[in-house]
Amino acid sequence: MLQLIVNENYHALSKKAAQIVAKQVQEKPTAAIGFATGSTPLGLYRELIQMYQRKEVSFDRITTFNLDEYVGLTKKHSQSYYHFMWENFFSKVDIKEHQIHFPDGVYEDADAACEKYERQLEEAGGVDLQILGIGANGHIGFNEPADTFTMTTHIVELAEQTIEANSRFFADKSEVPRKAITMGIGSIMKAKSILLLASDESKAEAIRDIFTGIVDPQIPASILQLHPNVMVLVNAEAASLLQP
Ligand code: GLP
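Computed from a predicted model, the values in this text were never measured in an experiment.

## Structural notes on helix α1 (residues 10-27)
Okay, so step 1: For α1, with 18 residues, the first-to-last C-alpha span of 26 Å sits near the 26 Å given by 1.5 Å per residue.
Okay, so step 2: Those residues of α1 that fall on the buried side of the exposure criterion are Leu13, Ser14, Ala17, Ala18, Ile20, Val21, Ala22, Gln24 and Val25.
Okay, so step 3: Contact partners of the buried residues in α1: β1 (2-7), β2 (32-35), α2 (42-53), β6 (129-132), β9 (193-198) and β10 (230-235).
Okay, so step 4: Of the residues that open α1, the one with a side-chain oxygen 3.2 Å from the backbone nitrogen of histidine 11 is asparagine 9.

## Focus on the pairing of strand β8 (residues 179-182)
Okay, so step 1: Both strand β4 (residues 68-70) and β8 contribute to a ladder of three bridges, which runs antiparallel. Paired with glutamate 69 across the two strands is isoleucine 181, which belongs to β8.
Okay, so step 2: Relative to β8, strand β7 (residues 154-157) runs antiparallel, the two being bridged by four bridges. Within β8, the residue paired with isoleucine 155 across the bridge is isoleucine 181.

## Some points on the site of the ligand
Okay, so step 1: Inspection of the region around the ligand gives 15 residues, with Ser39, Thr40, Asp68, Arg168 and Lys203 positioned closest.
Okay, so step 2: Here an oxygen atom of the ligand and a side-chain polar atom of arginine 168 are 2.9 Å apart.
Okay, so step 3: Summarising the interface, the protein chains cover 93% of the accessible area of the ligand, which totals 390 Å² for the free molecule.
Okay, so step 4: Per-class residue counts for the shell around the ligand are three nonpolar, nine polar and three charged.

## Here's the deal with a negative patch on the surface
Okay, so step 1: Taken together, Glu108, Asp109, Asp111 and Glu115 make up a surface patch of like negative charges.
Okay, so step 2: Tracing the sequence through the fold places glutamate 108 in the loop between β5 (100-101) and α4 (110-123).
Okay, so step 3: Of the residues examined, glutamate 108 reaches a relative accessible area of 87% and is grouped as exposed.

## Focus on the pattern of salt bridges
Okay, so step 1: Across all of its chains, the model carries nine salt bridges by this definition.
Okay, so step 2: Between lysine 23 and glutamate 27 there is a salt bridge, and its shortest N-O distance comes to 3.3 Å. Residue lysine 23 and its partner glutamate 27 are both found in helix α1; the two are separated by four residues, about one turn of the helix.
Okay, so step 3: With relative accessibility at 58%, the residue glutamate 27 sits in the exposed group.
Okay, so step 4: Note that lysine 116 and aspartate 104 form a salt bridge whose closest N and O atoms lie 3.0 Å from each other. Of the two residues, lysine 116 sits in helix α4 while aspartate 104 sits in the loop between β5 and α4, which places them twelve residues apart along the sequence.
Okay, so step 5: Assessed through its relative accessible area of 33%, lysine 116 is described here as partly exposed.
Okay, so step 6: One connected set of salt bridges, linked through shared partners, spans Lys28, Asp128 and Lys192.

Thresholds applied
- Residues numbered from 1 in each chain as written.
- Predicted model: local features only at pLDDT ≥ 70, side-chain atom pairs only at ≥ 80, totals over all residues.
- Heavy atoms only, no water.
- Helix = DSSP H or I, 4+ residues; strand = E, 2+ residues; numbered from the N terminus.
- Expected span 1.5 Å × (residues − 1).
- Buried < 20%, exposed > 50% of the residue type's maximum accessible area, 1.4 Å probe, protein only.
- Contact = heavy atoms within 4.5 Å.
- Polar contact = N/O pair within 3.5 Å; in protein donor to acceptor, adjacent residues only side chain to side chain.
- Pairing = 2+ DSSP bridges.
- Near = heavy atom within 4 Å.
- Areas by Shrake-Rupley, 256 points an atom, 1.4 Å probe, with all protein chains shown as cover.
- Nonpolar A, V, L, I, M, F, W, Y, C, P; charged D, E, K, R; others polar.
- Patch = residues over 30% accessible without salt bridge, like charges linked within 9 Å, V, L, I, M, F, W, Y side chains within 5 Å.
- Salt bridge = Lys/Arg side-chain N within 4 Å of Asp/Glu carboxyl O.
- Lys, Arg positive; Asp, Glu negative; His and termini not counted.
- Charge placed at Lys NZ, Arg CZ, Asp CG, Glu CD.

Here is the structure:
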């Protein structure tokens, strides 16, 4: 079930999202939280850092799982998602390296790397709260539009639109990795609750498309309609194509 919450602006959306994440951690200090990268959750991370500084929340007992990583980028690479999370959130709160889980972007055996991540998710008892952004093409994590849903952690060829969108973080488009390792649709759907954030006009179509009632692997996020507990936090721009 999708619960839509329209916020006045990006700041309000980020604050609301932070309250939801903090509440989860306060209620279950050992919670497994699924984190997402991208520009959209940055405001959420800033709010959480402030709440931590005000001693309203502590993350020292949580387990973290990130959605995805570029293939070929090491943890230390300035554009790796590990580096992004470390710089923008983990290092600013009381999260230590041993609490962090990421799919390996650098591996010898792709299948083993994917299986390892699925095992880690399972051993943690699944994710309690999964934070998600959404691609303009409806992707979640790096699950790109396709003819079928891929259920478990897998290696994916990035869509041209995604490479284009993400090239803003690289010196040149040719530097954007062509592949990523991502949690699958099933891995995401196993989360007990999901918080999807969208805050830009470029996401309005994707947001409209997940409220149609139709589940279509060409719009990967449309699967969320089958999940029992999804909060969709948007601002007016991202909600602009939804019928009132
Ligand atoms: C990336 C990530 C996604 C993210 C999406 C949107 O490709 N793999 O997890 O949701 O982009 O990013 P942004 O929030 O910057 O628009």
